[in-house]
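Residue-level structural notes
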Amino acid sequence: MIELCASVLSADFSRLGDQLREAFAAGVRRVHVDVMDGQFVPNLSMGPEVLRAVRRVSDEAGAKVAVHLMIVQPERFLEAFIAAGAQRVIVHLENAPHLTRTLARIRELGAEASVALNPATPVWMLEEVVAHVSSVLVMSVDPGFGGQRFHPDSARKIERLRRLLDERGLSRVGISVDGGVNAATIGIVARAGASCAVAGSAIFNDHASIADNVQALATAALGASL
Ligand code: DX5
Ligand code: ZN
């Protein structure tokens, strides 16, 4: 069964703690924090202090927090984000020329290392690094904003990645999918072989309550795995 991960980018920041508690009460056990610098992506978001606040609430529920670094030279901020509580750090393949060193540093600092791929980046570019990560984040939108449409080619990309991992005996490596995940697309993602679906607006921005949104996503995902 695919795991659901709540991306706080679409939350109401004036009520972030309460909104996260609602998501946890509905069964969510993973949180995703998007860090944007206005350079790698055309938007700005949050830094280590927000992560620290998220971590205080996630600890109450025993949930795990991943930080998705959409910033140039992500290695400059690994220590700051891990000290602030990141349990998984995701860096972009397009943005880290010394990726094996960066991934090793993340692990050395005590977090899980993960690599993200933009929609235009082919899966084969991961060949040299998949053995060094605990998960891969497949972007199903060009990163920078919540609420974008799921890129239809993502399903085939997830399947190709699943094959690459299986061929190398790396089925322990998780596949997370980020962008445009909602009740209509989570089934596609689950069937293609992803282990984790990141959802922002489908959890925090839809018209229903957070509990109802989480329930709708879980039901849609369950339908796909039957
Ligand atoms: C986009 C971010 C996503 C974003 C997803 O750049 O990486 O994590 O929050 O938002 P939705 O689920 O609304 O597409
Ligand atoms: Zn993200």
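Residues numbered from 1 in each chain as written. Chains lettered and ligands numbered in written order. Predicted model: local features only at pLDDT ≥ 70, side-chain atom pairs only at ≥ 80, totals over all residues. Heavy atoms only, no water.

**Thoughts on the coordination of the zinc ion (ligand 2)**
- Only His 32 (NE2), Asp 34 (OD), His 68 (ND1) and Asp 178 (OD) from the protein reach the zinc ion (ligand 2) as donors, at distances of 2.1 to 2.3 Å.
- Coordination at the zinc ion (ligand 2) is octahedral: its 6 donor atoms span angles of 72 to 171 degrees at the metal.
- Each donor residue of the zinc ion (ligand 2) belongs to the same chain, with the gaps between them written as H-x1-D-x33-H-x109-D. Remark: His 68 occurs in strand E3 (residues 64-70) and His 32 occurs in strand E2 (residues 30-36); sequence separation between them is 36 residues. Just as His 32 is buried, His 68 falls in that class too. (Donors = N, O, S within 2.8 Å, 3.2 Å for Na, K, Ca; no water. Tetrahedral: all angles 85-135°; square planar, octahedral: opposite > 155°, others 65-115°. Helix = DSSP H or I, 4+ residues; strand = E, 2+ residues; numbered from the N terminus. Buried < 20%, exposed > 50% of the residue type's maximum accessible area, 1.4 Å probe, protein only.)

**Focus: the site of ligand 1**
- Lining the immediate environment of ligand 1, one finds 19 residues, of which Ser 7, Asp 34, Gly 144, Asp 178 and Ser 201 sit closest.
- Between His 68 and ligand 1, the recorded distance is 3.3 Å, taken from a side-chain N or O atom to an oxygen atom.
- Protein burial of ligand 1: of its 380 Å² of free accessible surface, 100% is covered by the chains.
- In this structure, ligand 1 is accommodated by the largest pocket.
- With 3 residues, E2 is the single largest residue contributor to the shell around ligand 1. (Near = heavy atom within 4 Å. Polar contact = N/O pair within 3.5 Å; in protein donor to acceptor, adjacent residues only side chain to side chain. Areas by Shrake-Rupley, 256 points an atom, 1.4 Å probe, with all protein chains shown as cover. 1 Å grid on protein atoms, 1.4 Å probe; cavity = no way out; pocket = protein on both sides within 12 Å on 5 of 7 lines; lining within 4 Å. Sits in = over half its atoms within 2 Å of the grid points.)

**Concerning the layout of surface pockets**
- Of the pockets and cavities examined, the largest pocket occupies roughly 290 Å³.
- Surrounding the largest pocket, 29 residues form its lining, Gly 146, Gly 147, Gly 179, Gly 180 and Gly 200 being those nearest its centre.
- Of all the secondary-structure elements, those providing two or more residues to the lining of the largest pocket are E2, E3, strand E8 (196-199) and helix H7 (201-204).
- Residue composition of the lining of the largest pocket, by class: 12 nonpolar, 13 polar and 4 charged.
- Of the voids in this model, the second largest pocket is the one considered here, and its volume is about 160 Å³.
- Lining the second largest pocket are 13 residues, with Ile 2, Glu 3, Leu 4, Gly 27 and Ala 218 sitting closest to its centre.
- Counting only elements with at least two residues in the lining of the second largest pocket, the list comes to strand E1 (3-7) and helix H8 (210-225).
- Considering every element that reaches the lining of the second largest pocket, the biggest residue donor is H8, with 4 residues. (Points joined across faces, edges and corners; volume = space filled by probe spheres on them. Nonpolar A, V, L, I, M, F, W, Y, C, P; charged D, E, K, R; others polar.)

**Concerning the packing of helix H1 (residues 16-25) against helix H2 (residues 48-61)**
- Contact geometry for H1 and H2: axes closest at 10 Å, N-to-C directions at 35 degrees. Considering only the axes of H1 and H2, their crossing is right-handed. In contact with Leu 16, Gly 17, Leu 20, Arg 21 and Phe 24 of H1, H2 contributes Val 50, Val 54, Val 57, Ser 58, Glu 60 and Ala 61.
- Looking at the contact of H1 with H2, its residues break down into 7 nonpolar, 2 polar and 2 charged. (Axes fitted to C-alpha atoms, helices over the stretch in contact; angles between N-to-C directions. Left-handed = near helix turned anticlockwise from the far one by under 90°. Contact = heavy atoms within 4.5 Å.)

**Describing empty space enclosed by the protein**
- Going through the model one piece at a time under the given rule, you end up with 1 cavity of 30 Å³ or more.
- Counted as a void, the largest cavity has a volume near 80 Å³.
- Residue lining of the largest cavity: 13 residues in total, with Cys 5, Arg 30, His 32, Ala 66 and Arg 88 positioned closest to the centre.
- Only E2, E3, strand E4 (88-92) and E8 provide two or more residues apiece to the lining of the largest cavity.

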